[in-house]
Each structure stands twice: as C-alpha cells, then as structure tokens.
Amino acid sequence: MIVALKSYLISVGNSPLWSDEMSIKGTIYRKADLHIHTPVSKCYADKTVTAAQIVEKAAMKGLDVIAVTDHNDIAAIEDVRNEAKKVGIVVFPGIEISTREAHLLALFDPDYPIEKLDEFLTRIGISKDNRGKDEAMADSFEKVLAKVKELGGISIAAHANNDNGILAFKRGTYKQQVCRNADLCALELSKQDHIQNWIFGRIPNYPAKACICGSDAHSLTEIGQRYTYLKMDVISVNSLKHALADWHVRVKFSWDFAVAYSGESGPAFRSQSGPL
C-alpha cells in the first residue's frame, strides 16, 4: 500500500521524515510491479497458486499497483482483479505479447473490459486456439505498438535486454527505430547501471528512454522482488503514461531512496542527484 513506503522511510531512521519528493500536492509515489505472471502462463513454477495467493503476496510486499501479464493470454485477469479489490490493490490488466521481434507488455486501464482484451488478442494475430501456447505469435512489434495505442493502452518493452527482449534483437537499425517510437513508453530493465544509462541518454545512437523495474514473477516468491515507484494521483493508464513521459521526476527506483545517516540530525535521503 501507499503506507508501506512511508512506513519504510520511518522505520529505517525511526523518524517521521517525509521528503517533498515523495508527495507533492496529492500526487503520491505508488509502489508498482508491472510484470506479474500467473499459472495461466505455461512457464509458471507452481500451477496450484491461486489469485488470492498472488494478491496476498503483493500486499505483503507493500505493492499499491500490479499488472497481470501472462503470455498471450488473459484468462487470470478477472480473478486477480476481483481479489485485489478486497485489499485495495489496483490491477492493470495486461498481456506479455510475443511479437515477431520481441516480447512486449501491453497494459490497459484497471476497469478495461475483458471482452475488449479478448478482441484485441484476435486483432493482433493471436487466435483463441493459440492463447497461451508457445507457438502463439502476434504481428510485428511496431504494429502491436500502434494497436495498443489505438485501444488506449500503453506499451513497455518486456525484459528489454534479456532473451526475447527488443534490445537483444540483432538488427541494430530496427532497435533504434523502435526505441525512437513514441508509442513505446518505456523499457523494462533489471539493473541499476543499465537503467541509469538509458534514462540519462548515455547509449550511443539511442534516445534517452523511460525505464521501469518489474519482477517478471513466475512464482509467488518472485512477486515484488523488483519494482518501481510511480508518481500518480489517480491510478490509471493516463496517469501512468504521464509518469513515464516525465520519468526524471515521476519515476523512481529502490536505490533512489537509500538512507544516509548524518549524526544527530537524523537520516537524510539520497536521490540519483545527491542529497535531498
């Protein structure tokens, strides 16, 4: 929950310090894991795991927001969404889509109808018979980007620098073209140095790009192992899009809130640019 981040800040220094960077005029940093699988994904570790257990683990990790992103399937979304409502966690219904070039996370508004997601999968080339199957293959990466935008969703490059990620794709010019595409809202990366290189524009021949950390959880223990703080007022796709567009201010990571003790004055919190 939102309180979890505040509790963390209080507990590490035993002081009610709350930086202006954490909450400004009602816009709050929400702890989010935007890449979580369920047993609907064939590669999930334990097929007995339930939606209630997934939500319970998310709550234990202090997550305010999660995204259900099974491989080319939407069958688990309603169950997780219903369980999450009981504890106040917001769920972005999503899909990890296998395109011809790389995997892509498509996220939609929390109340997006499941019927429209079903139609969307068919439109991008994943028939009902192929839902969740290894051989399922959608249109090209850029065509899927355009269709996600058309339906009001946002697109994030899944595990971008790992297997099946867009940055692992061999054609350099195509990767550059995709990364310049405004319909690709962010890259999902897992390491601090990789993220900082991208957000500060240090990659030659590539633009600076928003990044997120997601767990890509395929088991209960992996939920919330990696996460992102997103500054949003109302939790919606539109707010998420604005946060990613203004990533230097509205997107933070675990290392941005490291604690440095400063004698009798109590704890001070550091951001990427130094002391607050």
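Because the structure is a prediction, the values reported are computed rather than measured.

Remarks on the packing of helix H2 (residues 51–60) against helix H3 (residues 77–87)
Working note: a packed helix pair is described by the angle between its axes plus the distance between those axes.
Turning to step 1, where the next piece is worked out: Across the interface, H2 lies against H3 with an axial gap of 8 Å and an inter-helix angle of 45°. Compared by their axis directions, H2 and H3 come out oblique. In terms of crossing hand, the pair formed by H2 and H3 is right-handed. From H2, Ala 51, Ala 52 and Val 55 reach across to H3, where they touch Asp 79, Val 80, Glu 83, Ala 84 and Val 87.
Turning to step 2, where the next piece is worked out: Considered class by class, the residues forming the contact of H2 with H3 number six nonpolar, no polar and two charged.

A closer look at the side chain of Ser 155
Turning to step 1, where the next piece is worked out: By secondary structure assignment, the location of Ser 155 is in strand S6 (residues 154–157).
Turning to step 2, where the next piece is worked out: Residue Ser 155 is classed as buried on the basis of its relative accessible area of 1%.
Turning to step 3, where the next piece is worked out: In this structure, Ser 155 is in contact with Leu 104, Leu 105, Leu 145, Val 148, Asp 183, Leu 184, Cys 185 and Ala 186, ignoring residues within four places of it in sequence.

Observations concerning the confidence of the model for the protein
Turning to step 1, where the next piece is worked out: Across the protein, the average pLDDT comes to 87, with 83% of residues at or above 70.
Turning to step 2, where the next piece is worked out: Below a pLDDT of 50 lies the segment residues 1–26, which in the model reaches 46 contacts outside its immediate sequence neighbourhood of four places, other chains included.
Turning to step 3, where the next piece is worked out: Contacts for the low-pLDDT stretch residues 259–276, under 50 throughout, to residues beyond four places or in other chains number 40 contacts.

Some details on the environment of Gly 62
Turning to step 1, where the next piece is worked out: As for its position among the elements, Gly 62 is in the loop between H2 and strand S3 (65–71).
Turning to step 2, where the next piece is worked out: Judged by relative accessible area, Gly 62 falls into the buried class, the value being 6%.
Turning to step 3, where the next piece is worked out: Residues Gly 62 and Arg 30, spaced 32 residues apart in sequence, show a C-alpha to C-alpha distance of 9.6 Å.

Focus on the nonpolar core
Turning to step 1, where the next piece is worked out: Judged by nonpolar contacts, the single largest core of 83 residues is most densely connected at Leu 34, Phe 141, Ile 166, Leu 187 and Leu 244.
Turning to step 2, where the next piece is worked out: In this structure Leu 34 touches Val 65, Ala 67, Thr 69, Phe 92, Leu 105, Leu 107, Ile 156, Ile 212, Leu 230 and Leu 240, once residues within four positions along its chain are discounted.

Describing the pairing of strand S4 (residues 90–98)
Turning to step 1, where the next piece is worked out: By the criterion of burial, S4 is predominantly enclosed, with eight of the nine residues buried.
Turning to step 2, where the next piece is worked out: Examined bridge by bridge, S3 and S4 share seven bridges and lie parallel to one another. Residue pairing in the sheet places His 71 in a bridge with Glu 96 of S4.
Turning to step 3, where the next piece is worked out: For the crossover that starts at S3, traverses H3 and ends in the parallel S4, the hand is right-handed.
Turning to step 4, where the next piece is worked out: Here S4 runs beside strand S5 (residues 103–107); their pairing, made up of five bridges, is antiparallel. From the neighbouring strand, Gly 94 faces S5, where its bridge partner is Leu 107.
Turning to step 5, where the next piece is worked out: Where S4 folds back on S5, the antiparallel hairpin that results is connected by four residues.

Some words on unusual backbone geometry
Turning to step 1, where the next piece is worked out: One non-glycine residue, His 159, lies in positive phi territory at about 25°.
Turning to step 2, where the next piece is worked out: Residue His 159 is classed as buried on the basis of its relative accessible area of 12%.
Turning to step 3, where the next piece is worked out: Positive phi outside glycine occurs at Asp 216, with the angle close to 50°.
Turning to step 4, where the next piece is worked out: Among the structural elements, Asp 216 can be located in the loop between strand S8 (211–212) and strand S9 (228–232).
Turning to step 5, where the next piece is worked out: With a relative accessible area of 19%, Asp 216 lands in the buried category.

A word on the layout of surface pockets
Leftover empty space is mapped by rolling, across the atoms, a probe with the size of a water molecule.
Turning to step 1, where the next piece is worked out: Size it by volume and the largest pocket reaches roughly 230 Å³.
Turning to step 2, where the next piece is worked out: Every residue lining the largest pocket is counted, 16 residues in all, and those nearest its centre are His 71, Asn 72, Ser 98, His 103 and Asp 134.
Turning to step 3, where the next piece is worked out: Grouping the constituent residues of the lining of the largest pocket by class yields four nonpolar, seven polar and five charged.

Some details on the pattern of salt bridges
Turning to step 1, where the next piece is worked out: Applying the stated criterion across every chain yields a total of eight salt bridges.
Turning to step 2, where the next piece is worked out: Measuring nitrogen to oxygen at the nearest pair gives 2.4 Å for the salt bridge that ties Glu 78 to Arg 81. Taken together, the positions of Glu 78 and Arg 81, both in helix H3 and three residues apart, correspond to about one turn of that helix.
Turning to step 3, where the next piece is worked out: By relative accessible area, which is 33% here, Glu 78 ends up partly exposed.
Turning to step 4, where the next piece is worked out: The salt bridge involving Asp 118 is made with Lys 128; its shortest N-O contact spans 2.5 Å. Here the residue Asp 118 occupies a position in helix H4 (residues 114–123), and Lys 128 occupies one in the loop between H4 and helix H5 (141–150), the gap between them amounting to ten residues.
Turning to step 5, where the next piece is worked out: Taking relative accessible area as the criterion, Lys 128 reaches 55% and is therefore assigned exposed.
Turning to step 6, where the next piece is worked out: Through salt bridges with shared partners, one network takes in Asp 118, Lys 128 and Arg 131.

Rules used throughout
- Residues numbered from 1 in each chain as written.
- Predicted model: local features only at pLDDT ≥ 70, side-chain atom pairs only at ≥ 80, totals over all residues.
- Heavy atoms only, no water.
- Axes fitted to C-alpha atoms, helices over the stretch in contact; angles between N-to-C directions.
- Helix = DSSP H or I, 4+ residues; strand = E, 2+ residues; numbered from the N terminus.
- Parallel < 35°, antiparallel > 145°, perpendicular 65-115°, else oblique.
- Left-handed = near helix turned anticlockwise from the far one by under 90°.
- Contact = heavy atoms within 4.5 Å.
- Nonpolar A, V, L, I, M, F, W, Y, C, P; charged D, E, K, R; others polar.
- Buried < 20%, exposed > 50% of the residue type's maximum accessible area, 1.4 Å probe, protein only.
- pLDDT = per-residue confidence, 0-100.
- Core = buried A, V, L, I, M, F, W, Y, C linked by side-chain atoms within 4.5 Å.
- Pairing = 2+ DSSP bridges.
- Right-handed = clockwise from strand over helix to strand, strands pointing away.
- 1 Å grid on protein atoms, 1.4 Å probe; cavity = no way out; pocket = protein on both sides within 12 Å on 5 of 7 lines; lining within 4 Å.
- Points joined across faces, edges and corners; volume = space filled by probe spheres on them.
- Salt bridge = Lys/Arg side-chain N within 4 Å of Asp/Glu carboxyl O.

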